[in-house]
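Results of the structural survey
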Amino acid sequence: QLSFLDYPWRFNVFNLSNAIMGSGILGLAYAMRNTGITLFVILLICIALLSSYSIHLLLKCAGVVGIRAYEQLGLKAFGHGGKVVAAVIISIHNIGGKVSHFPVGSGRENKVVYICIHLLLIVGGYLGYTSGLSLTCMCFFLSSVSYFQIPCPFNDTVVVNSTMESSHDTCSAEAFPLNSQTAYAIPILAFAFVCHPEVLPIYTELRRPSKRRMQSVANVSILAMFSMYLLTAIFGYLTFYGNVEAEMLHTYIRVDPLDKLILCVRLAVLLAVTLTVPVVLFPIRRAIQQLLFPKKDFSWIRHVIIAFCLLFIVNLLVIFVPNIKDIFGVIGATSAPSLIFILPSIFYIRIIPNEKEPLRSRPKIQAACFAALGFIFMVMSLTFIIVDWVTTGKSSGVNH
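Residues numbered from 1 in each chain as written. Predicted model: local features only at pLDDT ≥ 70, side-chain atom pairs only at ≥ 80, totals over all residues. Heavy atoms only, no water.

To continue, consider the overall build of the chain. When helices and strands are counted, the chain shows 17 helices and two strands. Across the 400 residues in the chain, those meeting the buried criterion constitute 53%. When contacts within the chain are restricted to residue pairs at least 6 apart in sequence, those whose partners lie at least 24 apart make up 82%. Of the accessible surface of the chain, which amounts to about 18100 Å², a share of 67% is contributed by carbon and sulfur atoms. (Helix = DSSP H or I, 4+ residues; strand = E, 2+ residues; numbered from the N terminus. Buried < 20%, exposed > 50% of the residue type's maximum accessible area, 1.4 Å probe, protein only. Contact = heavy atoms within 4.5 Å. Areas by Shrake-Rupley, 256 points an atom, 1.4 Å probe, with all protein chains shown as cover.)

Structural data, given as structure tokens:
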């Protein structure tokens, strides 16, 4: 009988929810702007359900081989090559996730504070408490977004996609506003729901670990984040309509950069995404450990060196990739479908014995279709995003 009064179970819900939640929440209103409310809700439901199913596949694999690490599942399924591929994809995704956090704290002073907090949290941290505080900050962000009542049209024009558009033409909700930016919608949603590298380590932290209990933790966490994502997207979109930007907080800042509530919201979101560091950085450190130091014991010196190297890489990427929309798009179209769709499916097909489930059994056929869906999603999303880059580049060149 599961209960939120069960202290470890509740904290594992916090940890997994914290692993799901991140800066992706800031791009959801932008995704709704480019899909419409109806299509956005359908896509959000689909991604949430598919994420739950992929966690089910991972837990079944872990139950068969007794492994509680994503990279080790790759090793069991495909040997050393599978381990390397899994570790690289995990590292790319989580580094991309950390890069997307930096635009929230724009400004040199904010970035210095951000880096200092990162160093403290990377070295250590109590995940249950930091995850609970992070979720509290995001709940404050959600309540603040629902509080704002900004009349439309705005007094000034706002920047949308690097061009000046009159807000008089963008003050109503559209049913299906499909455009070139719609290509970013599914990658943003996929990016927002990735938590799979953290599932197996959190599984080991359960007081009485079982597949059923961990699946319940996953389902509750996904449902909680689904609710928060949906409300944030709706309130953000219905506040700014066609003027909402890829990072929603920037839109509020353009309306009134000195508003005290907006400043408090920025601080809360900065704190929330910073507190995801222990959960998000753990898979990267583990992946690096598995690749470079698989047989060596834990070392604080190595731990700190890896932390500084990761921060250095993240800072370089922040400098050269200033647009958060591109981060959402590329990571959401490459590593996200790999971690949600493709890898869990092919691990399941390879690890579950054929004596128990033949290749033509329904579960394995479903897993194969799931992997194919992820591959199709990856190819289509990348194609549309590249076409948008090329089109935008040509338009910018002509305008210049």
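It is worth spelling out the nonpolar core at this point. Ranked by internal contacts, the top residues of the largest apolar core, which has 106 residues, are F141 and Y229. Those residues in contact with F141, other than ones at most four positions away along the chain, are I25, L26, T232, M248, L249, V265 and V269. (Core = buried A, V, L, I, M, F, W, Y, C linked by side-chain atoms within 4.5 Å.)

Here we take up the pattern of salt bridges. Applying the stated criterion across every chain yields a total of one salt bridge. With a closest N to O distance of 3.1 Å, E357 and K60 form a salt bridge. You can see E357 sitting in the loop between α16 (335-351) and α17 (362-399) and its partner K60 sitting in helix α3 (residues 37-65), a full 297 residues away along the chain. For K60, a relative accessible area of 19% puts it in the buried group. (Salt bridge = Lys/Arg side-chain N within 4 Å of Asp/Glu carboxyl O.)

What follows is about helix α4 (residues 70-78). Among all positions of α4, only Y70, E71, L73, G74 and A77 are buried. Here the buried residues of α4 occupy an arc of 155 degrees about the axis, which is enough to place them on one side. Immediately downstream of α4, the backbone of G79 shows phi near 80 degrees, a positive value. (Arc of directions from axis to C-beta.)

A separate point is unusual backbone geometry. Leaving glycine out, the prevailing phi sign among residues is negative, and the prevailing peptide bond configuration is trans. Unlike most non-glycine residues, Y241 shows phi in positive territory, near 50 degrees. Within the secondary structure, Y241 sits in the loop between α10 (211-240) and α11 (248-255). What makes Y241 buried here is its relative accessible area of 19%.

Axes are the key here: two packed helices are described by the angle between their axes and the distance separating the axes. It is the contact of α3 with α10, at a shortest axis distance of 10 Å, that shows an interaxial angle of 160 degrees. Taken as axis vectors, α3 and α10 run roughly antiparallel relative to one another. Taken as a pair, α3 and α10 cross one another with a handedness that is right-handed. Class assignment for the residues of the contact of α3 with α10 results in 17 nonpolar, six polar and two charged. (Axes fitted to C-alpha atoms, helices over the stretch in contact; angles between N-to-C directions. Parallel < 35°, antiparallel > 145°, perpendicular 65-115°, else oblique. Left-handed = near helix turned anticlockwise from the far one by under 90°. Nonpolar A, V, L, I, M, F, W, Y, C, P; charged D, E, K, R; others polar.)

Another point: a nonpolar patch on the surface. A contiguous nonpolar surface patch, about 620 Å² in accessible area, is contributed by F312, I313, L316, L317, I319 and F320. Topologically, F320 is positioned in helix α14 (residues 300-320). Here F320 falls in the exposed class, since its relative accessible area comes to 65%. (Patch = residues over 30% accessible without salt bridge, like charges linked within 9 Å, V, L, I, M, F, W, Y side chains within 5 Å.)

This part is about the side chain of Q215. Position of Q215 among the secondary structure elements: in helix α10. Classification of Q215 as buried rests on a relative accessible area of 14%. Reaching out from Q215, the side chain makes a polar contact with the side chain of S52 at a distance of 3.3 Å. Excluding residues within four positions of it along the chain, Q215 makes contact with S52, I55, H56 and L59. (Polar contact = N/O pair within 3.5 Å; in protein donor to acceptor, adjacent residues only side chain to side chain.)

Bringing the environment of T239 into the picture now. Counting through the fold element by element, T239 comes out in helix α10. Exposure remark for T239: the relative accessible area of 7% places this residue in the buried category. There is a polar contact of 2.6 Å between the side chain of T239 and the backbone oxygen of F235.

Residue position: S335 is located in helix α16. For S335, a relative accessible area of 4% gives the class buried. A polar atom in the side chain of S335 sits 2.9 Å from the side chain of H93.

Attention now moves to the environment of E174. Along the chain, E174 turns up in the loop between β2 (163-165) and α8 (185-193). Since its relative accessible area comes to 46%, E174 is described here as partly exposed. Contact partners of E174, with chain neighbours within four places excluded, come to G36, I37 and Y237.

The next point concerns the packing of α3 against α16. The contact between α3 and α16 brings their axes to 9 Å, and the two run at 30 degrees. Crossing geometry of α3 relative to α16 is assigned as left-handed. For the pair α3 and α16, the contacting residues are L50, S51, S54, L57, L58, K60, C61, V64 and V65 in the first and I340, F341, P344, S345, F347, Y348 and I351 in the second. In terms of residue class, the contact of α3 with α16 is made up of twelve nonpolar, three polar and one charged.

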